[in-house]
Amino acid sequence: WRSNAQLLTLPPPFSWRNLLDVTFLSISDGEIHRMPLPDDASCYGSIDNWLFLTDSDDGCSLMNPFSKATLQLPKLARIWHHERGNAYNACTRLFYKLAVPLPLDLSSDSLVAVLINDPLRHSVVCIVHRSISTDSFRFHDRPIKNNFYDIAFCGGKLYALSCGKLFTVEMSEVHIEKPKVPHVECIVEDFPTESHSQPCPENHICVTWPYLVESGGRLLNVIRLVGVPFPPEDDDDIFKDSLTFSFEVYEADLNTGSRMWRRVESLGDQALFVGRHYSKSLSAAEYVGAQEDCIYFMCDDYFRSDEDPLCDAGIYNMRSGVITPLLQENTAPRLHPTGEGHPTWFFPADGAM
């Protein structure tokens, strides 16, 4: 009884990382978990312990791999190609980023926002009301120089990030017959004039990638700094030997109207997990093995095409500025998988089971 009581009070494991569509790696202990997906389905992202799946018929859904519960979504790829016209064929590889007001609402009136990008960086934000047909999609399409990089909900509002600027995406009432375009307004325009960036490693150029993350009621712009060798040794894959060397974190000033980003020096007890397909903030004290005031990052498929899914993956300590491996050498499996997979975080203990 005493042993069982101790187990019940232990905090849950905090995160898995998908390696392929059916394989997940536990970050806390290096264990491999396999959860077969429906036939012809591929994992394109996640929300807590729900996976975002697509199939060869452009079908889209959210699935809980434990309960097998499924939430159907519209066929986003078909809508995208219809909007973009004949210049985009069915073979265009699309990037998806889902955002929902947490906790995930399972009702028929639930709301899902989807950011879709193509390799040329054209972007569109879809506002999906699951209780209404695909006719009710509302798009926001912008010039390529102002494309959206990321989206996130904070305080029940939807925000979008573009070239350092932060926008609100106001979701007006749904009109089935004639959908309205959301009202988009820039509320944060620029960064502080002083830069705290660490210098790029010698013989490298610096590439940055932003992640928009809600953390304890704050909206954070987490900027990843990646050193790319120059000149590149492989012209076919210029990111082949790139490595993340630092992070910068800024908070949007949503209350005073300053229209500026404020530099954040500490995350407190929070641990951030950043990725192109899903980002999340959590209290490190509530999860086994999580480190507070740290940023967990993976090899986003934008940067590298290595077969090793643990390349350029690590933990950045906000206090020391030091990066350590995502897994220690004695627990890291030797992984060189082949096949299709889209890197995303997965939190088996969170959300509805």
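Predicted model only: the values in this text are computed from it and were never measured.

How each quantity is defined
- Residues numbered from 1 in each chain as written.
- Predicted model: local features only at pLDDT ≥ 70, side-chain atom pairs only at ≥ 80, totals over all residues.
- Heavy atoms only, no water.
- Helix = DSSP H or I, 4+ residues; strand = E, 2+ residues; numbered from the N terminus.
- Buried < 20%, exposed > 50% of the residue type's maximum accessible area, 1.4 Å probe, protein only.
- Contact = heavy atoms within 4.5 Å.
- Areas by Shrake-Rupley, 256 points an atom, 1.4 Å probe, with all protein chains shown as cover.
- Phe/Tyr/Trp six-rings, centres within 6.5 Å; stacked < 30°, edge-to-face > 60°.
- Pairing = 2+ DSSP bridges.
- Axes fitted to C-alpha atoms, helices over the stretch in contact; angles between N-to-C directions.
- Core = buried A, V, L, I, M, F, W, Y, C linked by side-chain atoms within 4.5 Å.
- pLDDT = per-residue confidence, 0-100.

**Topic: the overall build of the protein chain**
Item 1. For the protein chain, the helix and strand inventory stands at two helices and 24 strands.
Item 2. For the protein chain, with 353 residues in total, the buried portion stands at 52%.
Item 3. Within the protein chain, contacts between residues separated by at least 24 positions form 53% of all contacts whose residues are at least 6 apart in sequence.
Item 4. With the model as given, the accessible surface of the protein chain reaches about 17000 Å², and the carbon-plus-sulfur share is 50%.

**Focus on the packing of aromatic side chains**
Item 1. Counting across every chain of the model gives 15 aromatic pairs.
Item 2. Ring geometry for Trp16 versus Phe346: centroids 5.8 Å apart, planes at 45 degrees, classification tilted. Separated by 330 residues along the polypeptide, Trp16 in strand 1 (residues 16-20) and Phe346 in strand 24 (residues 345-346) bring together distant segments of the chain.
Item 3. For Trp16, a relative accessible area of 9% gives the class buried.
Item 4. Given the relative accessible area of 0%, Phe346 is considered buried.

**Quick look at the sheet that holds strand 12 (residues 157-162)**
Item 1. Read across the open sheet, the four strands follow the order 11-12-13-14; overall the sheet is antiparallel. If you trace the sheet from one side to the other, it starts and ends with strand 11 (150-154) and strand 14 (183-188), each paired once. The average angle at which neighbouring strand axes cross in this sheet is 30 degrees, direction not considered.
Item 2. Sheet topology note: the strand 12/strand 13 (residues 165-170) ladder contains five bridges and is antiparallel. Bridge pairing in strand 13 links Ser162 to Lys165.

**Remarks on the environment of Leu98**
Item 1. Here Leu98 lies in strand 8 (residues 95-99).
Item 2. The exposure class assigned to Leu98 is buried, which follows from its relative accessible area of 5%.
Item 3. For Leu98 and Val114, which are 16 residues apart along the polypeptide, the C-alpha to C-alpha distance reads 4.6 Å.
Item 4. Those residues in contact with Leu98 that sit more than four places away from it in its chain are Ile47, Phe52, Leu62, Leu73, Val112, Ala113 and Val114.

**A short note on the pairing of strand 20 (residues 280-283)**
In summary, the side chains of a regular strand alternate between the two faces of the sheet.
Item 1. Burial along strand 20 is two-sided: the face carrying Lys280 and Leu282 and the face carrying Ser281 and Ser283 are both buried.
Item 2. Across four bridges, the pairing between strand 19 (residues 270-274) and strand 20 is antiparallel. Paired with Gln270 across the strands is Ser283, a residue of strand 20.
Item 3. Counting the residues that bridge the hairpin from strand 19 to strand 20 gives five residues.

**What to know about unusual backbone geometry**
Item 1. A cis amide bond links Phe230 with the next residue in sequence, Pro231, at an omega value of 0 degrees.
Item 2. Topologically, Pro231 is positioned in the loop between strand 16 (218-229) and strand 17 (243-252).
Item 3. One non-glycine residue, Asp58, lies in the positive phi region at around 70 degrees.
Item 4. Tracing the backbone shows Asp58 in the loop between strand 5 (50-55) and strand 6 (60-63).
Item 5. Here Asp58 falls in the partly exposed class, since its relative accessible area comes to 26%.
Item 6. Even without being glycine, Asn203 reaches a positive phi, approximately 65 degrees.
Item 7. Tracing the backbone through its elements, the reader meets Asn203 in the loop between strand 14 and strand 15 (204-215).
Item 8. We classify Asn203 as exposed; its relative accessible area is 55%.

**So, the nonpolar core**
Item 1. With 22 residues, the main nonpolar core has Phe52, Leu62, Leu73, Tyr96, Leu98, Val114 and Ile116 as its most contacted residues.
Item 2. Grouped together as the second largest cluster of nonpolar side chains are 20 residues, Ile27, Phe273, Ala284 and Trp345 included.

**Examining the sheet that holds strand 15**
Item 1. The strand order across the open sheet formed by four strands is 15-16-17-18, and the pairing between neighbours is antiparallel. Looking at strand neighbours, the two that pair on one side only are strand 15 and strand 18 (261-263), the edges of this open sheet. Taking the axes of each pair of neighbouring strands and ignoring which way they run, one obtains an average angle of 35 degrees across the sheet.
Item 2. Here three bridges tie strand 17 to strand 18, and the two strands are oriented antiparallel to one another. Within the sheet, the bridge partner assigned to Tyr250 lies in strand 18 and is Arg263.

**Considering the confidence of the model for the protein chain**
Item 1. When pLDDT is averaged along the protein chain, the result is 78; 73% of the residues meet or exceed 70.
Item 2. Within the model, pLDDT remains below 50 along residues 1-10, and this stretch shows zero contacts once partners closer than five positions in the same chain are excluded.
Item 3. Overall, residues 133-138 carries pLDDT values under 50, and its contacts beyond four positions in sequence, including any with other chains, amount to 25 contacts.

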